[in-house]
Amino acid sequence: MTESGDSMNTTSETAAAPTGPMFDLQTPEERESVSDGTVVFQTRDLAVFYGDFKAVREVDLDIRQNEITAFIGPSGCGKSTVLRCFDRMNDLIEGARVEGQISYHGLDLYGPDVDAVEVRRRIGMVFQKPNPFPKSIYDNLAFGPRLNGVKKKAELDGIIENSLKRAALWDEVKDRLNASAMGLSGGQQQRLCIARCVAVEPEVILMDEPCSALDPIATARIEELMQEIKNDFTIVIVTHNMQQAARVSDRTAFFTTEVNPESDRRTGRLVEYASTSKIFSNPSDERTEAYVTGRFG
Amino acid sequence: MALTTIGSVGGGPARSITEGLTKRGIDARSKIVEGLLITSLGVSLLILVVLVVDIVQRSWPVWTNRPGDFIRDGLNSSTLDSAGVWSAMKGTVILAVIVGIVAFPLGIACAVYLEEYATKSRFAQWTRVNVRNLAGVPSIVYGLLGLGIFVKALNGLGNPAADLQGNGFVLFRYVGNVLHWFSGNNGRNIFAGGLALSALVLPIVVITASEALRAVPRSIREGAFGVGATQWETVRHHVLPAAAPGILTGTVLSLARATGEAAPLLLVGAVTGTLITGNKGFVEQMSGPFTALPVAIFSYARQAGDDWRAVTGAAALVLLVLVLIMNGFAIALRNRYDRKW
């Protein structure tokens, strides 16, 4: 991260200049060559209910290793709901229920013997609003490794330094690790949350609109960071920002809402899932095209 | 209203603007409301000031004649010159400690279960409503509970205590001694009083702790769960510390409430006449008859004459100061752990 300042500026310009080419895409050749890596998550006919309310249905997805997969779609389309199935965060919501299949490396995530706590140690999550613990920067990062039984100070220090470096935050906070995390800026807090996630060495990092509370410069840093850590982690990101999906992701899933004529309630569903370049340049479904070209949503 | 003429630069604002934006007389309704609000505040403050001034004034003779003796003397409602608050003060402090040991952990544990584990179940909702109702139960009813259950139970410890004390094993004898301690004065001892007060403030502790826990943002819990913490790890490391200031404030305030109660203690058998603890040993004192400041105030208030009025006022002032210290402590705690998230 020695040149983070420079590269940050270049990316933030693209982020702040929506007047140029509509999407900052790589060449089609680069993007079409998405390899078929190992499937980490597989969902088949997935539906999620909150009580009687069917929040999302008919989700068939293959999330692949070391790729960034983006979920886009209008509000209420169920993209966050689906994301929260991958680390069983929905378990924490009273009345939430999952139907259909969702597997992690072939193992049924909602199987009777699966421990949700163990799932979350392997599948980390970064939330919409930066949510550092109201403690020191050090304690924020030490919490996860300590849960995993790391007790030696030296080992813990090493993990913390490494995680902060990977989250491109080390240089900014190395002199004040014992200061409160609440004193950091919003963007720094979010990178701290990513570092906190990285510190437990998950295989997957789920990001639920991680940049929606951040300004364009902080957003650019996070996006840059995602590209850097993608070699080590599989990333799934929910975003409201189509340009962000276009910039950072390898594959994109487009969700939309449909009104159920009987109950007059909206249910989300997956419309199209393909390589990001295909979604943004040559989508198969006209609803996808309408959304990505800004005609609705 | 169509604004066709907008004030030109240098020409001043157009008439329509001037008319639209200038004051039209006094807004009488606002003034009246403001006046009423200030009056309400004044009346409330006045009551408080009159109360304090009256107590200080009334107790003045005691503070000028024998301040040290008044503090050091025991409860004595027959001889004016040796009437004091020492035994009552000790009683109140010990009662506060018992409430702290019994009601706080129990109440906080209840709140953690209701807020963190049972969240939205029917049972939890039903329990919450009933805890609120319990908080409204008059204190004398808790006195009946104390008399009917705690005094009886503590008294009941007497027989097994005697059996164990006669046992050959040293350990059993120790247990016997402790039980004997708890059963002192036929169960009408300070433990019965402390338990009755604990029962009284338990619902308040549960409610305030629940509110403090509910005020902890969901995002903190999600953050902890997100890195693979269990429910208990999340509560222990993040939710409880974050809620600590609120919980502490609530518990200290409920302690202040407990120390001000006379009715339950009277029913449980607190001494109203004369109780001089003098140079009795600690255990002997704890298991013997007890009294407390509100009970002392009650005792002194029943005596006729201005001199007794002064003694009553002095005892009230001591209690007031004690409670104010506790409240000040609560405020200091809250300010110190000012939470940020």
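Residues numbered from 1 in each chain as written. Chains lettered and ligands numbered in written order. Predicted model: local features only at pLDDT ≥ 70, side-chain atom pairs only at ≥ 80, totals over all residues.

1. Focus on the overall build of chain B
Heads up, the condition is: A run of H or I in DSSP becomes a helix once it reaches four residues, and a run of E becomes a strand once it reaches two; helices and strands are each numbered from the N terminus. Here the radius of gyration uses the C-alpha set of atoms, whereas the globule reference equals 2.2 Å times the residue count to the power 0.38. Labels follow a simple rule on C-beta atoms placed from the backbone: if 20 or more others lie within 10 Å of a residue's own, it is buried; if 12 or fewer, it is exposed; otherwise it is partly exposed. By definition, residue pairs are in contact when their C-beta atoms, positioned from the backbone, come within 7 Å.
A count of helical and extended segments in chain B gives 15 helices and 2 strands. For 341 residues, the compact-globule formula gives about 20 Å, and the C-alpha radius of gyration of chain B, at 28 Å, lies well above that figure. Viewed in the frame of its principal axes, chain B has a C-alpha envelope of about 105 × 65 × 30 Å. Within chain B, the fraction of its 341 residues that count as buried is 38%. Taking the contacts inside chain B whose residues are at least 6 apart along the sequence as the reference set, 76% of them involve residues at least 24 apart.

2. Describing the overall build of chain A
The number of helices and strands found in chain A is 12 helices and 10 strands. Taking all 297 residues of chain A together, the buried fraction comes to 46%. In chain A, once contacts between residues fewer than 6 apart in sequence are set aside, the share between residues at least 24 apart is 73%.

3. Observations regarding helix 11 (residues 231-259) of chain B
Selection rule: Multiply 1.5 Å by the residue count of a helix minus one, and that product is the helix's expected span. The angle separating two fitted axes, one through the seven residues that finish at a residue and one through the seven that start at it, defines the bend at that residue.
With 29 residues, helix 11 of chain B extends only 35 Å from end C-alpha to end C-alpha; this falls clearly short of the ideal 42 Å at 1.5 Å per step. Of all the bends in helix 11 of chain B, the greatest reaches close to 55° and is centred on Ala-244 of chain B; the proline Pro-245 of chain B follows between one and four positions later.

4. Let's talk about the domain arrangement of chain B
Residue and element names in this part refer to chain B. In plain terms, the rule: Segmentation of the chain into domains, including their bounds, is taken from an automatic or database domain assignment. All amino acids are sorted into three groups, where Ala, Val, Leu, Ile, Met, Phe, Trp, Tyr, Cys and Pro are nonpolar, Asp, Glu, Lys and Arg are charged, and the leftover types, Gly among them, are polar.
According to the domain assignment, chain B contains domain 1 (27-65) and domain 2 (67-336). A separation of 31 Å is found between the C-alpha centroids of domain 1 and domain 2. When grouped by side-chain class, the residues that make up the side of domain 1 that touches domain 2 number 5 nonpolar, 1 polar and 1 charged.

5. So, the environment of Arg-88 of chain A
All names here are of chain A. Within the secondary structure layout, Arg-88 lies in the loop between helix 3 (79-86) and strand 4 (96-104). Separated by 22 residues in sequence, Arg-88 and Tyr-110 have C-alpha atoms that sit 8.1 Å apart. In this structure, Arg-88 is in contact with Leu-109, Ala-116, Val-119 and Arg-120, ignoring residues within four places of it in sequence.

6. Concerning the packing of helix 4 (residues 86-117) of chain B against helix 11 of chain B
All names here are of chain B. Put simply, the rule reads: As a rule, the C-alpha atoms of each element are fitted with a line to give its axis, helices using only the stretch in contact, and angles between N-to-C directions run from 0 to 180 degrees. Any angle between 65 and 115 degrees counts as roughly perpendicular, while under 35 counts as roughly parallel, over 145 as roughly antiparallel, and the rest as oblique. A clockwise turn of the near helix away from the far one marks a right-handed crossing, whereas an anticlockwise turn of less than a right angle marks a left-handed crossing.
Packing of helix 4 against helix 11 brings their axes to within 9 Å, and their N-to-C directions diverge by 140°. Relative to helix 11, the element helix 4 is oriented oblique. The two elements helix 4 and helix 11 meet at a crossing, and its hand is right-handed. Judged by residue contacts, Thr-92, Leu-95, Ala-96, Val-99, Gly-100, Phe-104, Ile-108, Val-112, Glu-116 and Tyr-117 of helix 4 engage Gln-231, Val-235, Val-239, Ile-247, Thr-251, Leu-255, Ala-258 and Thr-259 from helix 11.

7. A short note on helix 6 (residues 153-166) of chain A
Given 3.6 residues per turn, any residue in an α-helix points the same way as the ones three and four places further on. All names here are of chain A. Definition in use: This arc corresponds to the set of directions leading from the helix axis out to the C-beta atoms.
With 14 residues, helix 6 extends 20 Å from end C-alpha to end C-alpha; this agrees with the ideal 20 Å at 1.5 Å per step. Within helix 6, burial applies to Ile-159, Ile-160, Ser-163, Leu-164 and Arg-166. The buried residues of helix 6 all sit within an arc of 160° when viewed along its axis, so they share a single face. In this fold, the buried residues of helix 6 make contact with helix 5 (137-147), helix 7 (170-173), helix 8 (186-198) and helix 9 (216-229). Following helix 6 by one or two positions, Ala-168 adopts a phi angle in the positive range, close to 55°.

8. Here's the deal with the interface of chain A and chain B
Listed as interface residues are 20 residues of chain A and, on the opposing side, 19 residues of chain B. Elements represented by at least two residues in the side of chain A that touches chain B include exactly helix 4 (116-122), strand 6 (123-126), helix 5 and helix 8 of chain A. Of the residues that constitute the side of chain A that touches chain B, the class distribution is 12 nonpolar, 3 polar and 5 charged.

9. Details of the sheet that holds strand 7 (residues 204-208) of chain A
Residue and element names in this part refer to chain A. Applicable threshold: Two strands qualify as a pair provided that DSSP identifies no fewer than 2 bridges between them.
Strand order in the open sheet formed by 10 strands is 5-4-1-2-10-9-3-8-7-6, and the pairing between neighbours is mixed. The open sheet has two edge strands, strand 5 (107-108) and strand 6, and neither has a second partner. Strand direction decides the pairing type here: strand 7 and strand 8 (residues 234-238), joined by 5 bridges, are parallel. The partner of Leu-206 across the bridge, within strand 8, is Val-236. Where helix 3 meets the sheet, it contacts strand 1 (39-50), strand 2 (53-64), strand 3 (68-72), strand 4, strand 6, strand 7, strand 8 and strand 9 (251-259), and its direction lies at approximately 120° from that of strand 1.

10. Section: the confidence of the model for chain B
The line we're drawing: For every residue, the pLDDT score states the predictor's confidence, bounded by 0 at the bottom and 100 at the top.
Across chain B, pLDDT averages 87, with 95% of residues at or above 70. The ipTM, which scores confidence in the relative placement of chains, is 0.81 for this predicted complex, and the corresponding pTM is 0.80.

11. Things to note about the confidence of the model for chain A
Residues and elements named next belong to chain A. Of all residues in chain A, 87% have pLDDT values of 70 or greater, and the mean over the chain is 84. Of all the helices and strands in chain A, helix 1 (residues 4-16) carries the lowest mean pLDDT, 41, while strand 8 carries the highest, 94. This stretch, residues 1-33, has a pLDDT under 50; its non-local contacts, to residues over four places away or in other chains, come to 38 contacts.

12. Observations regarding the nonpolar core
Residues and elements named next belong to chain B. Convention followed: Only buried Ala, Val, Leu, Ile, Met, Phe, Trp, Tyr and Cys residues enter a nonpolar core, and they are joined through C-beta atoms within 7 Å.
The biggest cluster of nonpolar side chains holds 159 residues, and the ones touching the most others in it are Leu-293 and Ala-315. With 17 residues, helix 9 (residues 190-214) is the largest single contributor of residues to this core. Look past the residues within four positions of Leu-293 in its chain and what remains in contact with it is Val-85, Ala-88, Met-89, Thr-92, Ala-315, Val-318, Leu-319 and Leu-322.

13. Things to note about the pairing of strand 3 of chain A
Residue and element names in this part refer to chain A. Among the 5 residues of strand 3, 5 are classified as buried, and the element is accordingly described as predominantly covered. Every second residue of strand 3 is oriented toward a common face, with Ile-68, Ala-70 and Ile-72 on one face and Thr-69 and Phe-71 on the other, all of them buried. Bridge analysis of strand 3 against strand 9 gives 4 bridges, and the strand direction is parallel. Within strand 9, the residue paired with Ile-72 across the bridge is Phe-254.

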